[in-house]
Amino acid sequence: MRLNILKLAHLGTAVHTHEGAPARNISAELQLRRAVMACMLWEDQFYEDGVEIAGRISALVAKVAPGQVAAMAVEARERMKLRHVPLLLVREMARLKTHRHLVAETLARVVQRADELAEFLAIYWKDGKQPVSAQVKKGLAAAFTKFDAYALAKYNRDGQVKLRDVLFLSHAKPVDTAQAELWKQLVSDALPVPDTWEVRLSSGSDKRESWESLLRERKLGAMALLRNLRNFAQCDVDEQLVLAALREVRTERVLPFRYVAAARYAPQWEQELENAMFRCIASQEKLDGKTVLLVDVSGSMDASLSRNSEMRRVDAASGLAVLLREICEKVSVYTFSDDLVAVPARHGFALRDAISTSQKHNGTRLGHALSALREPYDRIVVITDEQSHDAVPGPRGAGYMVNVASYKNGVGYGKWTHIDGWSEAVVDYIRSFEQTETK
């Protein structure tokens, strides 16, 4: 039996946020978007648990056109950098006769890491093992050919579903003889041990020497580098190697909030982290005119993004605020919780600190904040989980409500332009939207 099947409200039914403010009735497509674009799948959030959110996503897929669901899965993976929720969308598409014809091409596109092949089947069989559809087999087979020896060896893990199981089930065809030989090694469990940082650290060697060797050889990707800054400090790794790695790290696939979070547990390297964060936006076109940023610092924003993460929703909001602060031509920053508070004109991590300490993290009086704001603007960008206590008026000009949570109901519709998620794609969306509006 599937979990937590949603009974969707009729469009005439009054809906509210979790804190009681009147919310908007929206289409099934918009409901699915707000559930997906900020979703760490099956992870509890402040007001809702992960099973409830996943159940809502599953129920909504059937109510949204196949092409829209497929496009949303690709957007969630490629622009929002989410890994698991795109797989759930494809799995739900596979249940539906109306959606099934798009499963193969969508699955092949959203599987971008070798472990996602097995993860998809684990999701497919979550409610019990069952036959795998032809479209799913076709998509898995196409995706399997993407991965080289390093990728397969790195993610050839013990689990309920193994990569060799996916290979057998999908009947994938190798693209050449070299890949055929590689797959024979996978089947016989004879893949060469990959030279990854995880393998080196688990080999029993001196950890400091291992970290320093990895840094010298540039074997750490951006995410591994950021996640292990604390380990570098604890192992007394040569600081010059760390600083050099931060100066050279590729930033294009790293979301702004990850730098914000990394700086919290590696404050001694804040300057280098900040520089790395800014490199990816140095050449971006400015947003003309006067922008007001309004950042939610209510208690629910202090909730972690996932159960094992030190990153909070306010980190995601601060990361976006830091990014927008640099891109907007003229900008003022405010926070809201119980009150509306102006934030000093700071940049980078100093802005993050000013946002966090601007006021106590209590209620979510967004309506009060918008009414109390007297400063004129060309656009206002609200970064929030949308769970306002009070009714929310429309903006005085262009208004964007950036939703960084997956809750069922929200307030950022009507005269607001609603954006779900916390990646730098938010900025691209605003720029593209305004360029289209002026044509």
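Above this text is the structure in question.
Every value quoted in this text rests on a predicted model; they were computed, and no experiment measured them.

(A) Just the overall build of the protein chain, in detail. When helices and strands are tallied, the protein chain shows 21 helices and six strands. Within the protein chain, buried positions represent 54% of all 439 residues.

(B) View of the packing of aromatic side chains. One pass over the structure, following the stated rule, counts three aromatic pairs. Residues Trp211 and Phe232 carry aromatic rings whose centres are separated by 5.1 Å and whose planes lie at 80 degrees to one another, so their mutual orientation is edge-to-face. Note that Trp211 is positioned in helix H12 (residues 207-216) and Phe232 in helix H14 (residues 229-234), a separation of 21 residues in sequence. The pair Trp211 / Phe232 is uniform in exposure class, with both members buried. The ring of Trp125 has Lys129 sitting right over it, with the charged end atom 4.7 Å from the ring centre.

(C) Summary view of the environment of Val237. Looking at where Val237 falls in the secondary structure, it is placed in the loop between H14 and helix H15 (239-248). A relative accessible area of 6% means that Val237 is categorised as buried.

(D) Representation of the side chain of Asp115 within the structure. Position of Asp115 relative to the elements: it lies in helix H6 (residues 115-124). On the basis of relative accessible area, Asp115 is assigned to the buried category, the value being 11%. A distance of 3.0 Å separates polar atoms of two side chains, one belonging to Asp115 and the other to Arg83. With sequence-adjacent residues up to four places away left out, Asp115 is seen in contact with Arg83, Tyr155 and Arg157.

(E) Representation of the layout of surface pockets in the model. By volume, the second largest pocket amounts to about 260 Å³. Around the second largest pocket, the lining comprises 13 residues; the ones closest to its centre are Ala153, Asn156, Arg157, Asp158 and Asp189. Within the residue set of the lining of the second largest pocket, elements represented by two or more residues are helix H8 (149-154) and helix H10 (177-187). Taken together, the residues of the lining of the second largest pocket sort by class into six nonpolar, one polar and six charged.

(F) Structural view of the nonpolar core. Counting residues in hydrophobic clusters, the biggest one holds 60 residues, and the most contacted among them are Leu32, Leu121 and Phe144. At seven residues, helix H4 (residues 84-95) tops the list of elements feeding residues into this core. Leu32 has contacts with Ile57, Leu60, Val61, Val64, Val69, Met72 and Leu89, leaving out every residue within four places of it along the chain. Core analysis: the second largest hydrophobic core is formed by 58 residues, Leu225, Ala354, Val404 and Val426 among them.

How each quantity is defined
- Residues numbered from 1 in each chain as written.
- Predicted model: local features only at pLDDT ≥ 70, side-chain atom pairs only at ≥ 80, totals over all residues.
- Heavy atoms only, no water.
- Helix = DSSP H or I, 4+ residues; strand = E, 2+ residues; numbered from the N terminus.
- Buried < 20%, exposed > 50% of the residue type's maximum accessible area, 1.4 Å probe, protein only.
- Phe/Tyr/Trp six-rings, centres within 6.5 Å; stacked < 30°, edge-to-face > 60°.
- Lys NZ or Arg CZ within 6 Å of the ring centre and 35° of its normal.
- Polar contact = N/O pair within 3.5 Å; in protein donor to acceptor, adjacent residues only side chain to side chain.
- Contact = heavy atoms within 4.5 Å.
- 1 Å grid on protein atoms, 1.4 Å probe; cavity = no way out; pocket = protein on both sides within 12 Å on 5 of 7 lines; lining within 4 Å.
- Points joined across faces, edges and corners; volume = space filled by probe spheres on them.
- Nonpolar A, V, L, I, M, F, W, Y, C, P; charged D, E, K, R; others polar.
- Core = buried A, V, L, I, M, F, W, Y, C linked by side-chain atoms within 4.5 Å.

Keep in mind that these numbers describe shape and distance, not what the molecule does.
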